[in-house]
Amino acid sequence: MPAVSKGDGMRGLAVFISDIRNCKSKEAEIKRINKELANIRSKFKGDKALDGYSKKKYVCKLLFIFLLGHDIDFGHMEAVNLLSSNKYTEKQIGYLFISVLVNSNSDLIRLINNAIKNDLGSRNPTFMNLALHCIANVGSREMAEAFASEIPSILVAGDTMDSVKQSAALCLLRLNRTSADLVPMGEWTARVVHLLNDQHLGVVTAATSLITTLAQKSPDDFKTSISLAVARLSRIVTSASIDLQDYTYYFVAAPWLSVKLLRLLQCYPPPEDAALRSRLTECLETILNKAQEPPKSKKVQHSNAKNAVLFEAISLIIHHDSEPTLLVRACNQLGQFLQHRETNLRYLALESMCTLASSEFSHETVKTHIETVINALKTERDVSVRQRAVDLLYAMCDRSNAKQIVAEMLSYLETADYSIREEIVLKVAILAEKYAVDYTWYVDTILNLIRIAGDYVSEEVWYRVIQIVINREDVQGYAAKTVFEALQAPACHENLVKVGGYILGEFGNLIAGDSRSSPLVQFNLLHSKFHLCSVPTRALLLSAYIKFINLFPEVKATIQDVLRSDSQLRNSDVELQQRAVEYLRLSCIASTDILATVLEEMPPFPERESSILAKLKKKKGPGNLPDIDDARRNVNGSTEHSENTEATKKGTTHPFTDLLNLNSTPSAGASLLVDVFSESPAPPSVDVCEENFLRFVCKNNGVIFENQLLQIGLKSEYRQNLGRIYVFYGNKTSTQFLSFSTSVASHDLLKTQLNVHAKEVDPLIDGGAQVQQMLNIECVSDFTDAPVLNIQFRYGGTLQNIAVKLPVMLNKFFQPTEMTSQDFFQRWKQLGAPEQEVQKIFKAKHPMDTDVTKAKILGFGVALLDGVDPNPANFVGAGVIHSKCTQVGCLLRLEPNTQAQMYRLTLRTSKDSVSQRLCDLLSEQF
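Residues numbered from 1 in each chain as written. Predicted model: local features only at pLDDT ≥ 70, side-chain atom pairs only at ≥ 80, totals over all residues. Heavy atoms only, no water.

Before going further, it helps to spend a moment on the sheet that holds strand β6 (residues 688–689). One open sheet holds the four strands; their spatial order is β6-β14-β13-β10, and the pairing between them is mixed. The open sheet terminates on both sides in strands that have one partner only, identified here as β6 and β10 (738–745). Pairing of strand β13 (residues 788–795) with strand β14 (residues 798–805), which is carried by eight bridges, proceeds in the antiparallel orientation. By the bridge assignment for β14, Leu789 is matched with Val804. (Pairing = 2+ DSSP bridges. Helix = DSSP H or I, 4+ residues; strand = E, 2+ residues; numbered from the N terminus.)

To continue, consider helix α24 (residues 439–453). Note: α-helices contain 3.6 residues per turn, so residues at a spacing of three or four share the same orientation. Between its first and last C-alpha atoms α24 spans 21 Å; for 15 residues at 1.5 Å apiece the expected length is 21 Å, and the two agree. Among the 15 residues of α24, 11 are classified as buried, and the element is accordingly described as predominantly covered. Residues of α24 that are buried: Tyr439, Trp441, Tyr442, Val443, Thr445, Ile446, Leu447, Leu449, Ile450, Ile452 and Ala453. (Expected span 1.5 Å × (residues − 1). Buried < 20%, exposed > 50% of the residue type's maximum accessible area, 1.4 Å probe, protein only.)

For strand β11 (residues 754–759), the tally of buried residues reaches six of six residues, placing the bulk of the element in the interior. Residues Leu754, Val756 and Ala758 point to one face of β11 and Asn755, His757 and Lys759 to the other, with burial holding for every one of them.

This part is about the confidence of the model for the chain. For the chain, mean pLDDT is 83; residues scoring 70 or higher make up 89% of the total. Predicted confidence in the chain is weakest over strand β5 (residues 673–674), with a mean pLDDT of 28, and strongest over helix α14 (residues 255–265), with 92. Contacts from residues 1–7, a stretch scored under 50 in pLDDT, to residues over four places away or in other chains number 13 contacts. Confidence over residues 625–684 falls short of pLDDT 50; this stretch has 186 contacts with residues more than four positions distant or in other chains. (pLDDT = per-residue confidence, 0-100. Contact = heavy atoms within 4.5 Å.)

Take a nonpolar patch on the surface next. Side chains of Phe66, Leu67, Leu96 and Val100 sit close together on the surface and give an oily, nonpolar patch of about 340 Å² of accessible area. When contributions to the nonpolar patch are tallied by element, the ones reaching two or more residues are α3 (52–67) and α5 (88–101). Summarising the element assignment, Leu96 is placed in helix α5. (Patch = residues over 30% accessible without salt bridge, like charges linked within 9 Å, V, L, I, M, F, W, Y side chains within 5 Å. Areas by Shrake-Rupley, 256 points an atom, 1.4 Å probe, with all protein chains shown as cover. Salt bridge = Lys/Arg side-chain N within 4 Å of Asp/Glu carboxyl O.)

Attention shifts here to a negative patch on the surface. Taken together, the side chains of Asp438, Asp444, Glu473, Asp474, Glu600 and Glu601 define an acidic patch exposed on the protein surface. On the accessibility criterion, Asp474 (63% relative accessible area) is exposed. (Lys, Arg positive; Asp, Glu negative; His and termini not counted. Charge placed at Lys NZ, Arg CZ, Asp CG, Glu CD.)

Tracing the backbone shows Ser517 in the loop between α27 (494–507) and α28 (519–527). Exposure remark for Ser517: the relative accessible area of 6% places this residue in the buried category. Sequence-distant contacts of Ser517, that is, excluding residues within four places in its chain, are made with Phe484, Ile511, Ala512 and Gln522.

The next subject is helix α25 (residues 459–471). Under the 1.5 Å per step criterion, the end-to-end length of α25 is 18 Å for 13 residues, consistent within 8% with the ideal 18 Å. Listed as buried for α25 are Val461, Trp462, Arg464, Val465, Ile466, Gln467, Ile468, Val469 and Ile470.

With that settled, the discussion passes to the nonpolar core. Across soluble globular proteins, nonpolar side chains show a tendency to be buried alongside one another. Ranked by internal contacts, the top residues of the largest apolar core, which has 187 residues, are Ile116 and Val192. Counting residues per element, this core draws most heavily on α24, at 10 residues. Each residue touching Val192, except ones within four places of it in the same chain, is listed here: Leu155, Val156, Leu210, Ile211 and Phe222. (Core = buried A, V, L, I, M, F, W, Y, C linked by side-chain atoms within 4.5 Å.)

Have a look at this one:
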């Protein structure tokens, strides 16, 4: 389009701008502007009618004055009059003035709408573009009401020019973002998808942006876009740069369109059609291959465009979480960026690897980069990159590397930026508890944490230490000894004094036998810190002193003297004064037996949810922790693989408990589990969704169900015969779900084989929000069927019923068993009875990849035994199925024949029903 410039003949505008630039002071500029405003006002109010050129010139001056920061309260009508001109430059200035100065509530909107309607109906592409740009820029509800039904017909009309289609698509996108309820969804939605096949790539780019936004709100309406997007993406990534010359940016073919297509595909799960899925995989492999090629240009624009496509492709791979080969390749590619000289690339690589660490297929590959990440933590100059390195270490942590990662985080904590210290403290506390096999290490870690960064250790952290020490007898003596030694330092943080006071008050007797930590020494050590502490800590120490009177009668007189002192009995703080008076009186009048009863050792805390992770999530904000809240990425696992937490059955507590529940926020009331088999009404009969059931045989995390309203994601963990499933319900709409309830149904036989208990779920789910529910599972005996999760809620006044088959399979209760070759074949012979063996020969459904096969067998739950089978191409595994009634040993052998594309699977167990069920489940995975 022609530009507005001095060449248009507006000499007066050029002179005015020159005068403004030549002003020596602000006062001179204001004086010149006021003079010009008076001149323009007189011209507009004069009797002589102005021609189009003069109106355009004066409106331009008003626009320039407004852009200098001065208020403009006249000239709007003259700008509206310019819209009716047939000259492009006059009409353009009119639309420009309106877009900048007219607000959405102006009385002139009706006149403006009439002018826009005339231009849209003129079929002049230049005028139509100006009108569409104005609608998008203003974006008011009045304009949406007037044109939301007209713009879609312009977009899909066969005779609309390409430039107008681009403008119409982007205008509709703008209206959909500002007034989505006014944009009608009708026949045009099916036709707009086919714009992805348009020959003009500008139209395709604009249409892709529109379809992506619409698909996020109504995915089912735009499912046909998947195949078209894959086809278009395939043509782009396989084309040479000269094929798309107009849309090639520094030797990268259509990078913006590629990114938008990859983003559109992230609105959907992996394609179900095998051919389409294969084509998409080829596209992603091609993108990964191109990333390895030498750069075709040394300019930064080339690398930026190339890497933008690469990172979006990796986001899609992570989102699908279904192709182990691609996930591993993506991880290796990101690993190369970790040492790149460009800071932004290092940051993006760390951020993407945080998400990759949550995938079962790529977690091990991510762990291979641990030394590089630790080095980045130590040497990186940019604080934001160091923070991402901390996040990645947190995400890749498991039992095998927990001690190393925690040690590195503690080392970094001493020099870390103050802005991220509290977050690191929380992460260290979570990891130390989560992966503490030896709780003496946990106590050492937390005390070290308090020593290094005591100011950033919140109450949640030191409360949790106390809770764990009280609940674990094996660590109480060690904890008492360790805090006693720590308190001997000349300068102790107040949080250490709190922990020391509590633990010594409860368990000081366990170390009192040593003369170096006798009762009097312990008391003097604690009391030497008393005057340096705040009121709440002093109150806690007074409670520790009265506990000492019960534990150590020999120090009773010394402690009574302290309680009797004026500094206590006449303390200005009422809490301290009251405690001193009451504790002194109690120690004087109570008998030994009464004191022992009143001051007995604290009982174990009930197994309850930890609030440390909740505090971390609150600090990070939604969407900043790897979780299931991202609107574009579905539920595809998370970095938080929580350990065992509470499980309750008919008022009794299961032995399957742990003090930390890393994946739940603290409940507002008591932590009660609801028996779903009690009085809950049976939901109406609906079809049970089993679509994704088999995908969970070899993995524990992912999306189990999704429609246009609701997304259900799962994270699972199992230990011996017990399991826990975290179910995440995501409201994909902008409307609140009412009366939301769930129940788990099993037929009579399954009820005797599998116990399932569900925690209450929030009855209200706000638009765009997510709630979590916890299911506790106990395997009583081997089973073949699976329970069904029934969901019921009201949406828009309509009752919705959904039934999903829960992926609780027999193999989830496997405990891997390591065996030597001799032990394996000896046990193999022992299980040689015909009824103990099941064998199946079947055709391969997926490419026969060794790494993928290994990952699936490990995901199945057995230990993969290397070097046992004489044929190195075969896979051998061993494990034990745990149930409440019995344990069933299992040996498996998988023999691939790559030439015939066939497998032979042999399973031997001590129970024929178990052999058959495991064979059926595993054979479906290859």
